[in-house]
Amino acid sequence: MTQDTSRRWQMLAITAAIFYVLWLMAPVLAPFAVAGMLAYLGDPLADRLQRLGMGRTVAVSIVFVVLLLLTVGALLLLIPLISRQVGNLVQNLPYYVDWVRNVALPWLQSTLHLDPSAFDTDRLIGQVKEHIGSIGDAASTVLGKISRSSIGVVAWLTNLVLIPVVAFYLLRDWDRMVAWIDGMLPRSIEPTIAHLARESDSVLGAFVRGQLLVMLALGIFYGAALTIMGLSVGPLIGMIAGLLSFVPYLGFIVGFGSSLIAALVQYGDWNHVLIVVGIFTAGQLLEGYVLVPRLVGEKIGLHPVAVIFAVLAGGYLFGFLGVLLALPAASVILVLLRYLSERYKQSDLYKDHGGGDPVLAEVEVVVTTAQGTVETNTVIGQRDEKKDAVPPT
C-alpha cells in the first residue's frame, strides 16, 4: 500500500468515526445544535462590533443580550396572540363541524355520486371522538409519567437552560474554535477544506438568515391580509403558513386550505373565497419574485423535491434534531456535490473516450423511398461475430 493510499484510508476512517459518534449522540445533541445555530447567527454581528474596537467578551455580551431581548419580546407578543386565536378556533369549532356535516359532505356526495353510507356523519364523528379519546388518554398517561418522573422534568429544564449558556460560550470562542479545527486538519487537504468551508459558510449564511426573514415576512403578510379581510382566525393561519414556508409549498397549501374553509364557514359566499385566492396568489408572487431572490438569493439552488426529501430523511434518521438541521445540512451537501462534480469532470474517468464497445458497430443504411430519393442514416446495430469472422485459409 502506497503512502498516498494509506493516508486516504486513514482520513476515511477518521471521518467515519466522527459521523458514527455523532449518530450515537444524536438524542442529546438537540440543545447543542440549537445553541450552535444561535452562535452562528450572532457571530457576524459580534465580529462587526469587534472591528469597532470592542473586546470579544463585550461584543458577545451585547449580541447575546440583544438576541435574548428579541426572543423574550417575541414570546410576550406571540403567546397572548396565539392563545386568543386558539380560543377563537375552539369557540368556532362547532360551526366548522356543522359546515362539514351540512355543506361539504353533501356536496362531495352529490358531485362524486358516492354511496351515502360513506358519509355517515354520525359514524365519522363517533370515530373522531373515539380517536380523540384515545389520544387524550395517551397524552394524560404520558403527562402523568412525566409529572411523576423528576428525572424527566429536570432533563427538560436542563436542556432549556443549556441552550443560552452553550450559545454564549460558543459565540465567545467561535473564532478560536474555527482556528483550532483549521489547525487540526491534515496539511494536504487543508486548502481544499478551507475553500469548501468558506463556500458552505456563504451558502449557510444566505439560507439561514434569508429563510428566517422570508418566513417572518410571509407570516406577517398572510396574517395581516387575512385579518384585514375580516377572517377571525387570520393571524393564526398567517403564522402557521409563514412558519411552514421553509418547506416548499407546504406553508401555501396549509394556509390556503385553512383559509378557504374558514372563509366558507364564516361568510358562506364566493366573494371572500376569491379574496383568499387573491391573497395567497399575491403571497406566492411576493415569495418567488421578491423575497427569495433578494433575501436568500440563488446560491443555494436546492430543488423543492430535494428540500422535502432532506426534511423527511432528517426526521427519520435523527428525529427533531434531523428536521432542525435538515436544510442547513442539505445546503452543505450541495456544496460538496458541486465540488465532487468538478473533480469528476477533471478526472480521466470522465475525459477518456475509450476505444468503443466491441459488441456494437456503426452500420450505414441506405433507404430508397417511393419517390425515388435516397436517404442515408447511421444506426447502431449488434455486430455478428460469425459473419465478421475471418475464414481460415
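Everything numeric in this text was worked out from a predicted model, so none of it was measured.

Trainee: Tell me about the nonpolar core, and please be specific about residues and values.
Mentor: Counting residues in hydrophobic clusters, the biggest one holds 17 residues, and the most contacted among them are L226, M229, L231 and I279. For this core, the secondary-structure elements that each account for two or more residues are α8 (190–229), α9 (234–243), α10 (250–266) and α11 (270–296). Looking at which element gives the most residues to this core, the answer is α8, with 6 residues. Discounting chain neighbours no more than four positions away, the residues touching L231 are L226, I237, S259, A262, A263, Q266 and Y267. In this structure, A39, Y40, L49 and A59 belong to the second largest nonpolar core, which totals 10 residues.

Trainee: Outline the side chain of E287, supporting the account with residue identities and numerical values.
Mentor: Within the secondary structure, E287 sits in helix α11. Under the relative-accessibility criterion, E287 is labelled buried at 17%. Every residue in contact with E287, bar those within four places of it in the chain, is listed here: V214, L218, S245, V292 and P293.

Trainee: Go over α9, please, and point to the residues and values.
Mentor: Here α9 lies mainly inside the structure; 7 of its 10 residues are buried. Looking only at α9, the buried set comprises G234, P235, L236, I237, G238, A241 and G242. Check the buried side of α9 and you find it contacts α3 (56–91), α8 and α10.

Trainee: Break down the packing of α8 against α9 for me, with residues and values.
Mentor: Between α8 and α9, the shortest axis-to-axis distance is 7 Å and the interhelical angle comes to 155°. Considered as vectors, α8 and α9 are oriented roughly antiparallel to each other. For the element pair α8 and α9, the recorded crossing hand is right-handed. Packed against α8, whose contacting residues are M215, L218, G219, Y222, G223, L226 and T227, the element α9 presents G234, P235, I237, G238, M239, A241, G242 and L243 at the interface. In terms of residue class, the contact of α8 with α9 is built from 9 nonpolar, 6 polar and no charged.

Trainee: Tell me what's going on with the pattern of salt bridges, and back it up with residues and numbers.
Mentor: Counted under the stated rule, the structure contains 5 salt bridges. Beyond isolated ion pairs, a larger network of salt bridges with shared partners links D43, D47, R56 and D175.

Trainee: Got a sec to walk through the packing of aromatic side chains? Specific residues and values, please.
Mentor: Throughout the structure, instances matching the rule amount to 9 aromatic pairs. Consider the rings of F252 and F280, whose centres lie 6.1 Å apart with planes at 65°: the pair is edge-to-face. Separated by 28 residues along the polypeptide, F252 in helix α10 and F280 in helix α11 bring together distant segments of the chain. Given a relative accessible area of 1%, F280 falls into the buried group. Seen from their ring centres, F256 and F280 are 5.7 Å apart, and the 70° between their planes marks the pair as edge-to-face. With F256 in helix α10 and F280 in helix α11, this pair connects stretches of sequence that are 24 residues apart. On the accessibility criterion, F256 (22% relative accessible area) is partly exposed. These aromatic residues form a ring-pair network of at least three members: F221, Y222, F252, F256 and F280.

Conventions and cut-offs
Residues numbered from 1 in each chain as written. Predicted model: local features only at pLDDT ≥ 70, side-chain atom pairs only at ≥ 80, totals over all residues. Heavy atoms only, no water. Core = buried A, V, L, I, M, F, W, Y, C linked by side-chain atoms within 4.5 Å. Buried < 20%, exposed > 50% of the residue type's maximum accessible area, 1.4 Å probe, protein only. Helix = DSSP H or I, 4+ residues; strand = E, 2+ residues; numbered from the N terminus. Contact = heavy atoms within 4.5 Å. Axes fitted to C-alpha atoms, helices over the stretch in contact; angles between N-to-C directions. Parallel < 35°, antiparallel > 145°, perpendicular 65-115°, else oblique. Left-handed = near helix turned anticlockwise from the far one by under 90°. Nonpolar A, V, L, I, M, F, W, Y, C, P; charged D, E, K, R; others polar. Salt bridge = Lys/Arg side-chain N within 4 Å of Asp/Glu carboxyl O. Phe/Tyr/Trp six-rings, centres within 6.5 Å; stacked < 30°, edge-to-face > 60°.

By themselves, these observations are geometric and do not establish any function.
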